[in-house]
Amino acid sequence: MTQARVQVGGADPYDVVIGTGVLAELPALVGDRARTVAVVHAEGLPEIARPVCGALEEAGYTVHALPVPDGEAAKEVGVLAGLWSSFARAGMTRTDVVVGVGGGATTDLAGFAAASWLRGVRSVLVPTTLLGMVDAAVGGKTGINVPEGKNLVGAFHPPAGVLCDLAALVTMPHDDYISGLAEIIKAGFIADPAILDLVEADPEGAASPAGPHTRELVERAIRVKADVVSADLKESGLREILNYGHTLAHAIEKAEDYKFRHGHAVAIGMVYAAELARLAGRLPADVAERHRAVLTSVGLPVSYAADWPGLRETMTIDKKSRGATLRFVVLDGLAEPGRLEGPDEDLLAAAYREVAR
Ligand SMILES: NC(=O)c1ccc[n+]([C@@H]2O[C@H](COP(=O)([O-])OP(=O)(O)OC[C@H]3O[C@@H](n4cnc5c(N)ncnc54)[C@H](O)[C@@H]3O)[C@@H](O)[C@H]2O)c1
Ligand SMILES: O=C(O)C(=O)C[C@@H](O)[C@H](O)[C@H](O)COP(=O)(O)O
Ligand SMILES: [Zn+2]
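Values in this document were obtained by computation on a predicted structure and should not be read as measured data.

## Comments concerning the sheet that holds strand β9 (residues 161-165)
Across the sheet, which stays open at both edges, the seven strands sit in the order β1-β2-β9-β6-β5-β3-β4 with mixed pairing between neighbours. Taken across any chain shown, the strands that pair with only one partner, and hence form the sheet edges, are β1 (4-8) and β4 (62-68). When strand polarity is set aside, the average angle formed by the axes of neighbouring strands in this sheet is 15°. Alignment of strand β3 (residues 36-42) against strand β5 (residues 97-102), held across five bridges, turns out to be parallel. Across the sheet, the residue bridging to A38 is V98, located in β5. Packed on one face of the sheet, helix α3 (residues 77-90) meets β3, β4 and β5 and runs near 165° to β4.

## Quick look at the side chain of R292
If you trace the backbone, R292 turns up in helix α12 (residues 285-297). The class of R292 is buried, set by a relative accessible area of 10%. For R292, the side chain forms a polar contact with the main-chain oxygen of E354, separated by 3.1 Å. Excluding residues within four positions of it along the chain, R292 makes contact with V271, E275, V302, E354 and R357.

## What to know about the site of ligand 2
Around ligand 2, a shell composed of 13 residues is seen, among which D135, K141, K225, R239 and K319 lie nearest. Interatomic distance of 2.7 Å between a side-chain N/O atom of D135 and an oxygen atom of ligand 2. Between ligand 2 and K186 there is a distance of 3.1 Å, counted from an oxygen atom to a side-chain nitrogen or oxygen. Protein coverage of the free-state accessible area of ligand 2, which is 430 Å², stands at 92%.

## Considering the coordination of the zinc ion (ligand 3)
The coordination sphere of the zinc ion (ligand 3) contains the protein donors E183 (OE), H246 (NE2) and H262 (NE2), at a distance range of 2.0 to 2.1 Å. In the primary structure, the donors to the zinc ion (ligand 3) are separated according to the pattern E-x62-H-x15-H. Placement of H246 in helix α10 (residues 246-255) and of H262 in helix α11 (residues 262-279) is noted, with a sequence separation of 16 residues between them. Of the residues examined, H262 reaches a relative accessible area of 17% and is grouped as buried.

## A few points about the UniProt feature "binding site: Zn(2+)" (unreviewed entry) in the protein chain
In the UniProt entry, the feature "binding site: Zn(2+)" (unreviewed entry) is given for E183, H246 and H262. Across 80 residues of sequence, these annotated residues stay compact in space, with a maximum C-alpha separation of 10.3 Å. Of the residues named above, E183 line the second largest cavity. What H246 contacts, discounting residues up to four positions off in sequence, is E183, K186, H262, V266 and D318. Excluding residues that lie within four positions of it along the chain, H262 makes contacts with L131, K150, S179, E183, H246, H250 and E253.

## Regarding the site of ligand 1
Near ligand 1, the surroundings consist of 26 residues, among which D70, E72, T128, T129 and T171 are the closest. Within the side chain of T128, an N or O atom sits 2.7 Å from a nitrogen atom of ligand 1. Between ligand 1 and the protein, one listed contact pairs a nitrogen atom with a backbone N or O atom of K141 at 2.9 Å. Taken by itself ligand 1 offers 870 Å² of open surface, and the protein chains cover 89% of this. For the shell around ligand 1, the secondary structure elements donating two or more residues are α4 (104-116), α5 (130-136), β8 (149-156) and α6 (174-190). Grouping the constituent residues of the shell around ligand 1 by class yields eight nonpolar, eight polar and ten charged.

Quick notes on the rules
Residues numbered from 1 in each chain as written. Chains lettered and ligands numbered in written order. Predicted model: local features only at pLDDT ≥ 70, side-chain atom pairs only at ≥ 80, totals over all residues. Heavy atoms only, no water. Pairing = 2+ DSSP bridges. Helix = DSSP H or I, 4+ residues; strand = E, 2+ residues; numbered from the N terminus. Axes fitted to C-alpha atoms, helices over the stretch in contact; angles between N-to-C directions. Contact = heavy atoms within 4.5 Å. Buried < 20%, exposed > 50% of the residue type's maximum accessible area, 1.4 Å probe, protein only. Polar contact = N/O pair within 3.5 Å; in protein donor to acceptor, adjacent residues only side chain to side chain. Near = heavy atom within 4 Å. Areas by Shrake-Rupley, 256 points an atom, 1.4 Å probe, with all protein chains shown as cover. Donors = N, O, S within 2.8 Å, 3.2 Å for Na, K, Ca; no water. UniProt positions renumbered as here; feature names shortened; annotations may be inferred. 1 Å grid on protein atoms, 1.4 Å probe; cavity = no way out; pocket = protein on both sides within 12 Å on 5 of 7 lines; lining within 4 Å. Nonpolar A, V, L, I, M, F, W, Y, C, P; charged D, E, K, R; others polar.

This is the structure:
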């Protein structure tokens with residue numbers, strides 16, 4: 001299978017390589033200044049880390065495989081502190097490299113460990129989930145959760161490269177695969193409606209790594225993300241569009257003690273954002289309804305009913321807020337993202353009723 005390459009621009013450009021056999025590029029990305037490489041991976045997935053460690057050992061590096069808890073449990077300060085200790089014991093210097101292998105939670109943690117160790121060492125990311133490939137590993141957002149909220153501690157620290165081996169997707173649990181589709185569909189609504197057409201034409205195919213359009217969906221979503229972060233790495237404006245649906249999503253994840261899949265929360269959050277825009281008279285009803293239809297067609301949730309005051313309170317600390325002003329990414333039409341600033345409380349609650357019904 002041929003490989004595709006998407007360049008991410010900015011001060012330190014890098015490539016996202018998509019295909020099979022991509023690990024052959026790993027030693028070149030780690031580079032010849034490094035001696036030691038820390039390979040951070042989920043403890044339940046040693047088989048995923050093995051070829052990565054093997055490729056590095058064969059290239060002559062001293063490799064330390066560092067298992068961390070599976071999934072979201074990795075994004076905790078105690079786990080990060082454990083990695084710092086491991087880096088110290090491994091004698092990791094500024095020319096050494098961190099490689100993150102796994103889902104978005106693992107690469108978010110590994111990226112932040114690299115960003116914070118010695119004030120920043122090189123990282124290379126090898127995402128092994130759909131969500132990791134199309135979103136988490138691309139763009140340089142790294143971080144961990146704290147009890148007060150999702151991703152509240154982190155850094156912008158772009159990797160030196162991202163290697164997406166599509167063969168990894170076949171072992172993914174179905175619900176985690178579907179979770180990744182939510183971010184692909186997000187890319188469709190904010191920038192590339194051809195994604196929505198592909199999913200709608202064959203929802204069953206879209207929901208499987210063996211589907212006929214998997215590669216195209218992955219590539220299109222990566223291109224959307226790469227274009228945006230190339231223009232605005234540090235989220236001073238444009239990059240906020242990638243946060244579509246995330247204001248409520250992150251509040252749901254916190255309310256569910258981070259046990260709710262990220263993409264599932266984003267699906268509900270996008271329906272909420274669409275309802276906000278519809279009720280504000282900015283988005284036609286059929287586009288709002290299209291959110292429900294396309295998300296439901298692949299098995300994603302579109303409703304959620306829990307304590308509204310609690311969710312509302314959590315949303316206050318969203319990173320897009322400025323002072324006391326809550327700000328949402330909304331759509332004024334398909335692929336026409338805008339902002340809704342300081343919506344009144346009645347509107348916020350009314351949109352939530354549409355999600356909770
Ligand atoms: N940094 C960013 O820009 C960004 C963007 C989107 C999401 N995220 C973050 O990404 C995380 C979600 O990522 P995710 O959906 O990959 O979840 P995840 O990292 O929790 O992985 C989901 C599950 O899949 C398992 N897994 C990973 N690869 C596998 C494979 N090939 N085969 C079988 N099982 C495999 C993992 O062990 C885990 O149990 C969230 O923390 C979210 O906040 C970050
Ligand atoms: O890359 C971005 O920018 C995004 O917002 C992508 C999101 O899908 C992702 O979940 C991100 O981690 C959320 O960022 P946060 O700044 O709201 O924590
Ligand atoms: Zn997300």
